[in-house]
Amino acid sequence: MFDFYRVAAIVPELHVADAGYNTDRILEKLEEACSYDPAVITFPELAVSGYTCQDLFFQDSLLKEVNAGLSRILAVSGEKEAAVIVGAPVRIRGQLYNAAFTFFDGKLLGITVKTFLPDYNEFYEKRWFSSADQLPVDSVWMSELGLTYDQEESEDYMVPIGSRLIYNIDEKLKFGIEICEDLWSPIPPSSAMSLAGAELIVNISASNELISKREYRKNLVKQTSASLICEYLYCSAGASESTQDVIFSGHSLLAENGTVLNENQDYIASDYMLIADMDLEKIRAERLKIKSFGDAAYHYRDMTKQCRVFSEPASSLPESDGSYYLLAKHPFVPSSKTRLTKRCNEIFDMQVGGLVKRLSVTGARPVVGVSGGMDSTLALLVAAKALQKMNRPAEELIAITMPAFGTSDRTYQNSLALIKSLGTIPIIIDIKLSCEQHLRDLKHDLDTKDLTYENTQARERTQVLMDYANMHNGLVVGTGDLSELALGWCTYNGDQMSMYGVNGSIPKTLVRWMIDTVAEGRLFPESTVVLKDILDTPISPELLPPDEHGRITQKTEDSVGPYELHDFFLYYTLRYGYSPAKINFLANKAFRGDYDPETILKWQKMFIRRFFSQQFKRSCMPDGVKVGSVALSPRGDLRMPSDASPSDWLKQLEELQSN
């Protein structure tokens, strides 16, 4: 469902040159794999014969047994709903070829032949096989191949053969196949097949293992899936191949547009099965958005014309429920501590670099409004580091804290402690009296704690920052983050406005880790203790009065919902353009046990309503560095009308609720 499809890469135990034994193992594994309802099942290069047969490939006995094995696989494929890809040698018009046989619904759909044959070190494939470029035909009669099949049930038919065959199963799944060395070539067959419409590339391989080769192979598959914007399923021969001079590791993995979704863990492996789900909608969304992909398809149209697409109707092709799909609860936050630290440091450097450039051009001093919350803390740290980079004294940092009606003792003291720890003097401007005067001028009851009451404080703070900046050759550094901008959780012409926004493309779920990384890395050793306390403080705009003990009473997530949910909704809405129904499905999968379906649906509706209605605030957001793949700048990342209707999006969620 939702364009999820399951794949299986199987590395069976085999006996070299024993096609009967190998076929038995292939059929056993095929039966086991089908219990997972995959749409594609693949076996390694020359799996029926074994890759390391060497001169035994010239033996007629072996080739006949291979054909007998392929005939058995063909017969069994009629009982399965999956496309089955098996590597085997094939003899065509007196020449031998290294090939991938693709079976579906009891029919041989085609034979993909290896183009680039290794002829170096311990590999001499050119001794036994010919390249696909030397094929004398582009199709063969089924009866020519030496395979047996039920001729009472099926008439003789032509089978396409070549190096760039694309199979289109029921207009749902388009895949092409390349074989081992093909991937290592400068322009692999997969380049043409992807540009011609293949969304999945399957590589059946027999790649021997060497020191560091596994990592190189993995990176090659990842990069290929990224450059071709495709799913790439790699399945390599295992350790039961001959170990006469080399060893094969059975390395298998599925990569999706540069991300490895699953990979076998054993360094030397055999007799196993790798199951993974892929999301074809993600591939389609990326190709739709990235215009250079379409440009390349046009530019290399002569190459794509060499591809042949074969459409095959299917009575049923199993879609997956996505249960084997790699899904992050926090898509903006790397799962491992090492990657998270690396990413946070890189983002911090980008923030600092952007502000350094702006301060250099303007010759201004950074001015930051410090509330004691996480967003203003991160902005203040960026400003302090920018001055260090420019070899300017810490005292040039203008840090202003502006207590008002909702300021708690904790945030107020933390803001002062943080500013002092960075080597500058806090500027305290109490705005309560000016806000009260403004409300009196408006004839607004001071006891009415409404939106005007709250926004008066936010706009007064911005006015103070702007005016103070004018007085001291300053540049107001914005503190608002990506999540707040997406929800419009900011006051128009208040905290929505600045002269340069350093946090504008950083989501709330990452802000916390940014500060934690700065603290753990001791970039500002004197600030470590107060940074830890700031991280433990509840998120609040602090626009309503604290309780009698000076503690925060207004918590943002009570009003607008959990930021981890909103960041999830935002990521899949903008990054891939998924439908609300699919995002809801993914959210329920990712947050199972954390939120019930009703809660997720409630806040998803809130997200859609606010995302649409608050676009006017984003249409005039200030400059700021883009650090990730999701950003909201109206000058490049999000061109969206401020008066667009969310009706179609909300309708999907209403239908989910009614069901």
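Refer to the structure presented above.
Every value quoted in this text rests on a predicted model; they were computed, and no experiment measured them.

## Observations regarding helix α10 (residues 374-389)
Thought 1: Across its 16 residues, α10 extends 23 Å between first and last C-alpha, which sits within 8% of the 22 Å expected from 1.5 Å per residue.
Thought 2: The buried fraction of α10 is high, at 14 of 16 residues.
Thought 3: Just beyond α10, the residue with positive phi is Asn391, at close to 55 degrees.

## Concerning the pattern of salt bridges
Thought 1: Within this structure, the stated rule accounts for 40 salt bridges.
Thought 2: We note a salt bridge from Arg358 to Asp623, for which the minimum N-O separation is 3.2 Å. Separated by 265 residues along the polypeptide, Arg358 in helix α9 (residues 337-362) and Asp623 in the loop between α21 (615-618) and α22 (647-658) bring together distant segments of the chain.
Thought 3: The network of salt bridges with shared partners includes Lys337, Asp516, Glu520 and Lys532.

## Some points on helix α1 (residues 19-34)
Thought 1: Relative to the 22 Å expected for 16 residues at 1.5 Å per residue, α1 spans 22 Å between its end C-alpha atoms, a close match to the ideal helical length.
Thought 2: Listed as buried for α1 are Ala19, Asn22, Thr23, Arg25, Ile26, Leu27, Lys29, Leu30, Ala33 and Cys34.
Thought 3: Of the surrounding secondary structure, the elements contacted by the buried residues of α1 are β1 (4-11), β2 (40-42), α2 (60-77), β3 (83-92) and β16 (272-279).

## Structural notes on the sheet that holds strand β10 (residues 165-169)
Thought 1: If you trace the seven strands from one edge of the open sheet to the other, you get β15-β14-β13-β12-β11-β10-β17, paired in mixed fashion. Edge positions in the sheet fall to β15 (259-263) and β17 (308-312), since each has one partner strand and no second. If you compare each strand with its neighbour and ignore which way they point, the axes differ by 20 degrees on average.
Thought 2: Note: strand β11 (residues 173-179) against strand β12 (residues 200-205), five bridges, orientation parallel. Paired with Gly176 across the two strands is Ile201, which belongs to β12.
Thought 3: With respect to the sheet, helix α5 (residues 213-227) is in contact with β13 (231-236), β14 (252-256) and β15, its orientation differing from that of β14 by roughly 30 degrees.

## A few points about the packing of helix α12 (residues 432-441) against helix α13 (residues 451-471)
Thought 1: Relative to each other, α12 and α13 sit at 130 degrees, their axes nearing to 10 Å. The angle between α12 and α13 falls in the class oblique. As for the relative orientation of α12 and α13, their crossing is right-handed in sense. Seen from α12, the contacting residues are Ser434, Cys435, His438 and Leu439; seen from α13, they are Thr452, Tyr453, Thr456, Gln457 and Glu460.

## Section: the pairing of β12
Thought 1: In terms of burial, β12 is a largely internal element, six of the six residues being buried.
Thought 2: On β12, burial covers both faces: Leu200, Val202 and Ile204 on one face and Ile201, Asn203 and Ser205 on the other are all buried.
Thought 3: Across six bridges, the pairing between β12 and β13 is parallel. Across the sheet, residue Ile201 finds its bridge partner in β13, namely Tyr232.

## Considering the side chain of Thr112
Thought 1: As for its placement among the helices and strands, Thr112 is situated in strand β5 (residues 107-113).
Thought 2: Those residues in contact with Thr112, other than ones at most four positions away along the chain, are Asn98, Ala99, Ala100, Gly162, Ser163, Leu165, Tyr167, Ile177 and Ile179.

## Re the packing of aromatic side chains
Thought 1: Taken as a whole, this structure holds 24 aromatic pairs when the rule is applied.
Thought 2: Residues Tyr571 and Tyr576 carry aromatic rings whose centres are separated by 6.0 Å and whose planes lie at 75 degrees to one another, so their mutual orientation is edge-to-face. Note on accessibility: Tyr571 and Tyr576 belong to one class, buried.
Thought 3: Three or more aromatic residues joined by ring pairs form one cluster here, namely Phe332, Phe568, Tyr571, Tyr572, Tyr576, Tyr578, Phe591 and Tyr595.
Thought 4: The ring centre of Tyr21 lies 4.5 Å from the NZ or CZ of Arg25, which sits over that ring.
Thought 5: Against the face of Phe611 rests Arg618, its NZ or CZ located 4.4 Å from the ring centre.

## Re the pairing of β14
Thought 1: Of all five residues in β14, five are buried; the element is thus mostly enclosed.
Thought 2: With burial as the criterion, each face of β14 is covered, one bearing Ser252, Leu254 and Glu256 and the other bearing Leu253 and Ala255.
Thought 3: Pairing analysis gives five bridges linking β13 to β14, with the strands arranged antiparallel. Within β14, the residue paired with Leu233 across the bridge is Leu254.
Thought 4: Two strands pair when backbone bridges link them, and β14 and β15 are joined in this way by four bridges, in the antiparallel orientation. Considered in β15, the bridge of Leu254 is made with Asn262.

## What about a nonpolar patch on the surface?
Thought 1: Together, Ile247, Tyr267 and Ile268 line one region of the surface with nonpolar side chains, adding up to about 250 Å² of accessible area.
Thought 2: Within the secondary structure, Tyr267 sits in the loop between β15 and β16.
Thought 3: Tyr267 sits in the partly exposed class, given a relative accessible area of 42%.

About the criteria used
Residues numbered from 1 in each chain as written. Predicted model: local features only at pLDDT ≥ 70, side-chain atom pairs only at ≥ 80, totals over all residues. Heavy atoms only, no water. Helix = DSSP H or I, 4+ residues; strand = E, 2+ residues; numbered from the N terminus. Expected span 1.5 Å × (residues − 1). Buried < 20%, exposed > 50% of the residue type's maximum accessible area, 1.4 Å probe, protein only. Salt bridge = Lys/Arg side-chain N within 4 Å of Asp/Glu carboxyl O. Contact = heavy atoms within 4.5 Å. Pairing = 2+ DSSP bridges. Axes fitted to C-alpha atoms, helices over the stretch in contact; angles between N-to-C directions. Parallel < 35°, antiparallel > 145°, perpendicular 65-115°, else oblique. Left-handed = near helix turned anticlockwise from the far one by under 90°. Phe/Tyr/Trp six-rings, centres within 6.5 Å; stacked < 30°, edge-to-face > 60°. Lys NZ or Arg CZ within 6 Å of the ring centre and 35° of its normal. Patch = residues over 30% accessible without salt bridge, like charges linked within 9 Å, V, L, I, M, F, W, Y side chains within 5 Å. Areas by Shrake-Rupley, 256 points an atom, 1.4 Å probe, with all protein chains shown as cover.

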